[in-house]
Amino acid sequence: MSRPNTATLLLRCLDQKGLNAAIANLLVRHNINILDAQQHTDEAADVFFHRVYFDVSGLSSTREQFTDDLAQECARFDMDWRLSFADQKKRVCIFVSKYEHCIYDLLLRHKVGELHCDIPLIISNHEDLRYFADVFKIPYVVFPITKDNKREQEQKEIALLREYNIDLIVMARYMQVLSDEMINTFPHQIINIHHSTLPAFKGAKPYHQAFERGVKLVGATAHYATADLDEGPIIAQGVEGSSHEDTIDDLVRKGRDIERVTLAQAVRAHLDDRIIVHGHRTIVF
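Report on the accompanying structure. The shown structure was predicted, so the numbers you read here are calculated from the model rather than taken from an experiment.

## Here we look at the overall build of the protein chain
For the protein chain, the helix and strand inventory stands at eight helices and 13 strands. For 285 residues, the compact-globule estimate of 2.2 N^0.38 gives 19 Å, and the C-alpha radius of gyration of the protein chain, at 21 Å, lies within 12% of that figure. Taking the principal axes of its C-alpha atoms as reference, the protein chain extends roughly 60 × 40 × 35 Å. Taking all 285 residues of the protein chain together, the buried fraction comes to 49%. Within the protein chain, counting contacts between residues at least 6 apart in sequence, those at least 24 apart form 68% of the total. Summed over its atoms, the accessible surface of the protein chain is roughly 14000 Å², and 49% of this surface lies on carbon and sulfur atoms.

Set out below in structure tokens:
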């Protein structure tokens, strides 16, 4: 969990000499103290990944000047980079339909301080869970969706998300397939929870599919939503043992527990700036 007066830098570039030294020297020049640094090199692709978490309380320049200098240094090595300051909380919108276990878990975790973010908005295609929003005093907006009005309703949702300056969308068992337009508007900013260990049992009724195959592990997968259904980069997965004695209802019950924890893990990793997307994969520090 981020603490005040800190920032996180995420980097990705082709591996080469001098990368660590360049970033460390830049931070020292701005009187910044590194609190944690992690790195990974994909030797097959020759790509370097780096996460640096640091204290900015002694920053000797303005944030704007530091960011400008950082941009110049990253350009020198052709780095993709992202800088986040802890006091600029990400704004999260939860999408939900009728299943209540994931949204309730997220709202409780947020209330007790486990999720470092603001949740100013909940969007649904049903009225059923409005009472959760009322309890937590969060605006709850319903966009009923049919085959005929889907594009029009999504346009309204996108406009509302922009109005609220949303940084992350969490699909807490939102039972609608998002359009390519929605996903492309928020690339790698939409986290979905799927109730199976992807890539197994994609699509509808995965617990039924798992039951038919007699699985010995039941699980859930949190991933970034992409235009290809259930194909997005995986962030977190969880599993629990199952046996021939488990009914479909048993698998669903076990799965709901796993879904809650796995989704929360993925959301927390995103909020704490611990994820770098690389192709169809993620690096999670």
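After that view, the rundown keeps rolling.
## Describing the packing of aromatic side chains
In the structure shown here, the tally under the stated rule is five aromatic pairs. Aromatic pair phenylalanine 95 and tyrosine 174: ring centres 5.1 Å apart, planes at 85°, arrangement edge-to-face. Placement of phenylalanine 95 in strand E5 (residues 90–96) and of tyrosine 174 in the loop between strand E8 (168–171) and helix H6 (180–185) is noted, with a sequence separation of 79 residues between them. Residues phenylalanine 95 and tyrosine 174 agree in their burial class; the two are buried. In textbook terms, an aromatic cluster arises when at least three aromatic residues are bridged by ring pairs, as seen for Tyr104, Tyr131, Phe132 and Phe136. The ring of phenylalanine 85 carries the charged tip of arginine 63 above its face, separated from the ring centre by 4.1 Å. Positioned above the aromatic ring of tyrosine 99, the side-chain terminus of arginine 173 is 4.3 Å from the ring centre.

Conventions we followed
- Residues numbered from 1 in each chain as written.
- Predicted model: local features only at pLDDT ≥ 70, side-chain atom pairs only at ≥ 80, totals over all residues.
- Heavy atoms only, no water.
- Helix = DSSP H or I, 4+ residues; strand = E, 2+ residues; numbered from the N terminus.
- Rg over C-alpha atoms; globule rule 2.2 N^0.38 Å.
- Buried < 20%, exposed > 50% of the residue type's maximum accessible area, 1.4 Å probe, protein only.
- Contact = heavy atoms within 4.5 Å.
- Areas by Shrake-Rupley, 256 points an atom, 1.4 Å probe, with all protein chains shown as cover.
- Phe/Tyr/Trp six-rings, centres within 6.5 Å; stacked < 30°, edge-to-face > 60°.
- Lys NZ or Arg CZ within 6 Å of the ring centre and 35° of its normal.

By themselves, these are just geometric observations and shouldn't be taken as functional.
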